[in-house]
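# Overview (structure and organization)
Chain by chain, the residues:
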Amino acid sequence: MSQVTNQSSTETMAQFDRYVIANYRRYPVCLVRGEGSWIWDAEGRRYLDFFPGWGCNIIGHCPPRVVEAVREQVGLLIHVPNTWYIEAQGQFAQMLSERSFGGQCFFCNSGAEANEAAIKLARAHGHASGRSNIITVEHGFHGRTYAALSATAQPKYHVGFEPMVPGFVYAPHNDLTAMERLIDDKTAAVLIEPIQGEGGINLPAPGYLERLRELCTERGALLILDEVQTGLGRTGEWFAYQHYGIEPDILTCAKALAGGVAAGVMIASRTVAATLKPGMHASTFGGNPLACRAGIATIETVEADGLIERGKAVGERFRGHFERIRSERPDLVKEIRIMGVMIGLELTIDASVVVSECLIKGLLINATHGTVIRLLPALNIADEQIDEGCEILLDVIRSLPRGD
Ligand SMILES: *Cc1c(COP(=O)(O)O)cnc(C)c1O
């Protein structure tokens, strides 16, 4: 066995203090094992997980088919680079293409990388016609690498890291008038999350994405959808755009893509994808056998277990609980925003106190954008688990002081 001992959470925290860069705020818990929507810490305490893996573990912790596929693959080939053909990568690409808009895939390892690829492709595609600007939307989130960060129209993430990459133009969210004004003959692409995740589970206004698609087409700009968080069944369709009867030119996906194994993908329509020639872009680990086997097993699980449909029911069950707390505490609950297992509960007060109280009571949740409780539960969470966790969550909210 390699060196994994069973040290206490306290010992692990001390080790982090000394050897790991402190760029994250971490809860004082060391997690060691998970199964479905349950997870255990080093002291053997069990938690219910309404935010498994920050949305990556879309079919729960250690989904059996993914575990099996990776176990088998790891004994065959762990990694071979993209100078060779890998059967699993081709199969995974076909599965993604057939479940989206028939495009072609470029694989990488994260959301930021997928967006970097999309930004580079859009610029390369627009290069001959002098189109280099990328329009993005306020409160959006696209990742932490330089171009993805520059695309992220939230000044708080830029502070101290300037200068940003030039050529990004920011529009207010859900504002078609601004898009009408901004999309011009210098625009390579509009890059947008169909539903904003980190920005607080913000849904598109009725007709917004449909008209944005038209505007891009009319004016010769590409439409890039960042489905890093919304993709792979999160919203009640394979991809969120499928709710709106439109198609993007480029789509990015990561988080849930391989059921918790690191993977990212850019899918581009065949005509746009043709811009990328050998040597123009690459990722050493992208599309490696382990990630692709995990991705295939994730899609197979979602389909075999009917989890796209299940995700819709899960969302509605959460909605029922949230309606209850809204009628009890209208002073605290501002808005409920749910699409499948993409779940936002906007409070009138800071939501971070709710997170720490829930942790004490054995429930893992997330707060984002100050006032929004964000839940990205697994598609296969059980009704009893939803009810149990919601009782904890609602109890914590009930005990809060009066809001506005
Ligand atoms: C998480 C996220 C990213 C960044 O993904 P990483 O894997 O952390 O690089 C980009 N876009 C959206 C919409 C995300 O939610």
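Given the structure is predicted, the values throughout are model-derived calculations rather than measurements. (Residues numbered from 1 in each chain as written. Predicted model: local features only at pLDDT ≥ 70, side-chain atom pairs only at ≥ 80, totals over all residues. Heavy atoms only, no water.)

## Topic: the packing of helix 12 (residues 352–360) against helix 13 (residues 383–398)
Contact geometry for helix 12 and helix 13: axes closest at 10 Å, N-to-C directions at 130 degrees. Between helix 12 and helix 13, the angle is such that the two are oblique. Helix-helix and strand crossings are classified by hand; for helix 12 and helix 13 the assignment is right-handed. Every residue of helix 13 that contacts helix 12 at V354, E357 and C358 is listed here: I392, L393, V396 and I397. Grouping the amino acids of the contact of helix 12 with helix 13 by side-chain chemistry returns six nonpolar, no polar and one charged. (Axes fitted to C-alpha atoms, helices over the stretch in contact; angles between N-to-C directions. Helix = DSSP H or I, 4+ residues; strand = E, 2+ residues; numbered from the N terminus. Parallel < 35°, antiparallel > 145°, perpendicular 65-115°, else oblique. Left-handed = near helix turned anticlockwise from the far one by under 90°. Contact = heavy atoms within 4.5 Å. Nonpolar A, V, L, I, M, F, W, Y, C, P; charged D, E, K, R; others polar.)

## Quick look at the domain arrangement of the protein chain
On domain assignment, one finds that the protein chain holds domain 1 (1–47), domain 2 (66–304) and domain 3 (308–348 + 380–404). A straight line from the C-alpha centre of domain 2 to that of domain 3 covers 29 Å. Listed per partner, the contact involves 18 residues of domain 2 and nine residues of domain 3. Between domain 2 and domain 3, the buried area comes to about 1200 Å², and carbon and sulfur atoms account for 70% of it. When the area that domain 2 buries against domain 3 is broken down by residue, the three leading residues are I201, R234 and G236, summing to 46%. At the surface where domain 2 touches domain 3, the tally comes to zero salt bridges. At the boundary of domain 2 and domain 3, one finds three residue pairs in polar contact (both at pLDDT 80 or more). Class assignment for the residues of the side of domain 2 that touches domain 3 results in six nonpolar, 10 polar and two charged. (Domains from an automatic or database assignment. Buried area = accessible area lost by both parts, 1.4 Å probe. Salt bridge = Lys/Arg side-chain N within 4 Å of Asp/Glu carboxyl O. Polar contact = N/O pair within 3.5 Å; in protein donor to acceptor, adjacent residues only side chain to side chain.)

## Notes on the side chain of S150
Relative to the assigned elements, S150 resides in helix 5 (residues 146–151). Polar side-chain contacts of S150 include one of 2.9 Å to the backbone nitrogen of V165. Each residue touching S150, except ones within four places of it in the same chain, is listed here: H158, M164, V165, F168 and Y170.

## Some details on the state of the cysteines
Summed over all chains, the structure comprises zero disulfides. Cysteine C105 remains unbridged, with the sulfur of C292 as its closest cysteine sulfur at 9.3 Å. Overall, C105 belongs to the partly exposed group, its relative accessible area being 24%. (Disulfide = S-S within 2.5 Å. Buried < 20%, exposed > 50% of the residue type's maximum accessible area, 1.4 Å probe, protein only.)

## A word on the site of the ligand
Taken together, S110, G111, A112, N115, F141, H142, G143, E193, D226, V228, Q229 and K255 are the residues near the ligand. In this structure, A112 approaches the ligand through a main-chain N or O atom, which is 2.7 Å from an oxygen atom. One of the side-chain nitrogen or oxygen atoms of D226 is found 2.8 Å away from a nitrogen atom of the ligand. Contact with the protein chains covers 81% of the free accessible surface of the ligand, which is 390 Å². (Near = heavy atom within 4 Å. Areas by Shrake-Rupley, 256 points an atom, 1.4 Å probe, with all protein chains shown as cover.)

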